[in-house]
Amino acid sequence: MAPRSAQGLLVVGDVVTDIVARHRTPPVPGTDTAAAIRTVPGGAGANAACWAARWGGADVRLLGRVGADSAAWHEAALTRAGVRPRLVVDPRAPTGTVICLVDEGAGAERTFLTDSGAALRLSPADWSPELLDGVAWLHLSGYLFFAGPSRAAAGAALASARARGVPVSVDPASAGFLGELGVERFLAAAEGVTVLLPSRDEAVLLTGLPDASDAAVALSRRFPVVAVTSGAEGAVVARGGELVGRVAAVPARVRDTTGAGDAFTGALLASRLAGAGLLEAVTEGCRAGGEAVQRIGGRPA
């Protein structure tokens, strides 16, 4: 079991550079579309770590893989956010890049164009069980499961955590990539995870059930705790095959939905480590999600 003195949260996941393009009219092929464009640090794993620190996490750590092109920039950004980064510099691949197209005329919904670069080249050689020293919770970004090397790294981390009695959470990360990988392959790779944090689309894909509550209950028969986020509809929580409750979303002026799920994850985990009950932690997650959608990019201020 993890030592009682352990308080750390270790996130293993993706660190990428986000290019956020906010446009008011739909892009028109063959010509220009006016947009406000910013380059900001991102990545689901890195974002979740930053939000956990923002929500009071006293010892938040991150393991990820980046290219030499922007390693120093990402390390500095994470450190400023209160995260202790351990970034493996890939000798060949550049840092992953995501182009986030944010349609301000459609509720600030976003579309991602993703080049994972070095992020999914994280490998078992980058993992060491000693990374869990002082750690009370391990979180794995679902993006790790979508490529062979990083899926093996996630498996090694999960096995180490289970051997030490450290609980593990996973957010499935992307319905699109999840569909390409295959539901059964993902579920097999995530076997032994304590807490699953899917979006509604991901939960529906994983179960084939159209209702978020039904999907949460079904998934909680395989994973002990499941919290399914549904944007403006808040979140539903299930444990051990039963619906525990629903938590309302926080009203917000939506500017960019990028990173809202990462904010939910980070705040929920920080709250649980601070001793909050399950529904209280999910409520904090919804609060963080409401804060995130009012900002540009996926990180807290």
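To be clear, the structure that these remarks concern was listed above.
Everything in this summary refers to the structure shown in the same document.

### Digging into the sheet that holds strand E3 (residues 36-42)
Strand order across the open sheet formed by 4 strands is E3-E2-E6-E7, with mixed pairing between neighbours. Taken across any chain shown, the strands that pair with only one partner, and hence form the sheet edges, are E3 and strand E7 (109-115). Pairwise comparison of adjacent strand axes, ignoring direction, gives a mean angle of 20 degrees for this sheet. In this structure, strand E6 (residues 96-103) lies alongside E7, joined through 7 bridges in antiparallel fashion. Along E7, the bridge assignment pairs Asp-103 with Glu-109. Strands in contact with helix H2 (residues 71-80) are strand E2 (16-23) and E3; relative to E3, the strand with the most contacts, it is inclined by about 80 degrees.

### Section: the state of the cysteines
Applying the stated criterion to the full structure yields 0 disulfides. For the unlinked cysteine Cys-100, the closest cysteine sulfur is that of Cys-50, found at 15 Å.

### Remarks on helix H7 (residues 212-219)
Among the 8 residues that make up H7, 6 are buried, leaving the element largely enclosed by the rest of the structure. Three or more residues of H7 are buried, namely Ala-212, Ser-213, Ala-215, Ala-216, Val-217 and Leu-219. In this structure, the buried side of H7 is in contact with strand E10 (195-196), helix H6 (200-207), strand E11 (225-229), strand E12 (235-239) and strand E13 (242-247). Put simply, Asp-211 is the residue that caps the front of H7, since its side-chain oxygen is 3.0 Å from the backbone nitrogen of Ser-213.

### Some details on the pattern of salt bridges
Throughout the structure, instances matching the rule amount to 12 salt bridges. Measuring nitrogen to oxygen at the nearest pair gives 2.7 Å for the salt bridge that ties Arg-65 to Asp-126. Here Arg-65 is found in strand E4 (residues 60-67), whereas its partner Asp-126 is found in the loop between E7 and strand E8 (135-141), with 61 residues between them in sequence. Using a relative accessible area of 11% as the deciding quantity, one classes Arg-65 as buried. A residue is classified by how much of its surface remains accessible, and Asp-126, at 12% relative accessible area, is buried. Here Glu-284 and Arg-287 are joined by a salt bridge, their closest N and O atoms 2.7 Å apart. Placement of both Glu-284 and Arg-287 in helix H9 (residues 278-292) is noted, with a separation of 3 residues, approximately one turn of the helix. Several salt bridges share partner residues, and in doing so they unite Arg-65, Asp-90, Arg-121 and Asp-126 into one network.

### Focus on helix H3 (residues 148-164)
The terminal C-alpha atoms of H3, which comprises 17 residues, lie 25 Å apart, in line with the 24 Å expected from a rise of 1.5 Å per residue. Along H3, the residues that are buried comprise Ser-150, Ala-153, Ala-154, Ala-157, Leu-158, Ser-160 and Ala-161. Along H3, the residues classed as buried sweep out an arc of 165 degrees about the axis, all on the same side. Residues of H3 that are exposed and point over 90 degrees away from its buried face: Arg-162 and Ala-163.

### Some thoughts on the sheet that holds strand E9 (residues 168-171)
Strand order in this open sheet of 9 strands is E5-E4-E1-E8-E9-E10-E11-E12-E13, and the pairing throughout is mixed. Here the strands that pair on one side only, and so sit at the sheet edges, are strand E5 (83-90) and E13. Two strands pair when backbone bridges link them, and E11 and E12 are joined in this way by 5 bridges, in the antiparallel orientation. Residue pairing in the sheet places Val-226 in a bridge with Ala-238 of E12.

### With respect to unusual backbone geometry
Even without glycine at this site, Ala-173 takes up a positive phi of about 80 degrees. With respect to the secondary-structure elements, Ala-173 resides in the loop between E9 and helix H4 (175-181).

### With respect to the side chain of Arg-65
Within the structure, Arg-65 has its side chain in polar contact with the side chain of Asp-90 (distance 2.8 Å). Within polar-contact distance, the side chain of Arg-65 engages the side chain of Asp-126 at 2.7 Å. Sequence-distant contacts of Arg-65, that is, excluding residues within four places in its chain, are made with Val-15, Val-88, Asp-90, Pro-91, Ala-118, Ala-119, Arg-121, Leu-122 and Asp-126.

Definitions and limits used
- Residues numbered from 1 in each chain as written.
- Predicted model: local features only at pLDDT ≥ 70, side-chain atom pairs only at ≥ 80, totals over all residues.
- Heavy atoms only, no water.
- Pairing = 2+ DSSP bridges.
- Helix = DSSP H or I, 4+ residues; strand = E, 2+ residues; numbered from the N terminus.
- Axes fitted to C-alpha atoms, helices over the stretch in contact; angles between N-to-C directions.
- Contact = heavy atoms within 4.5 Å.
- Disulfide = S-S within 2.5 Å.
- Buried < 20%, exposed > 50% of the residue type's maximum accessible area, 1.4 Å probe, protein only.
- Polar contact = N/O pair within 3.5 Å; in protein donor to acceptor, adjacent residues only side chain to side chain.
- Salt bridge = Lys/Arg side-chain N within 4 Å of Asp/Glu carboxyl O.
- Expected span 1.5 Å × (residues − 1).
- Arc of directions from axis to C-beta.

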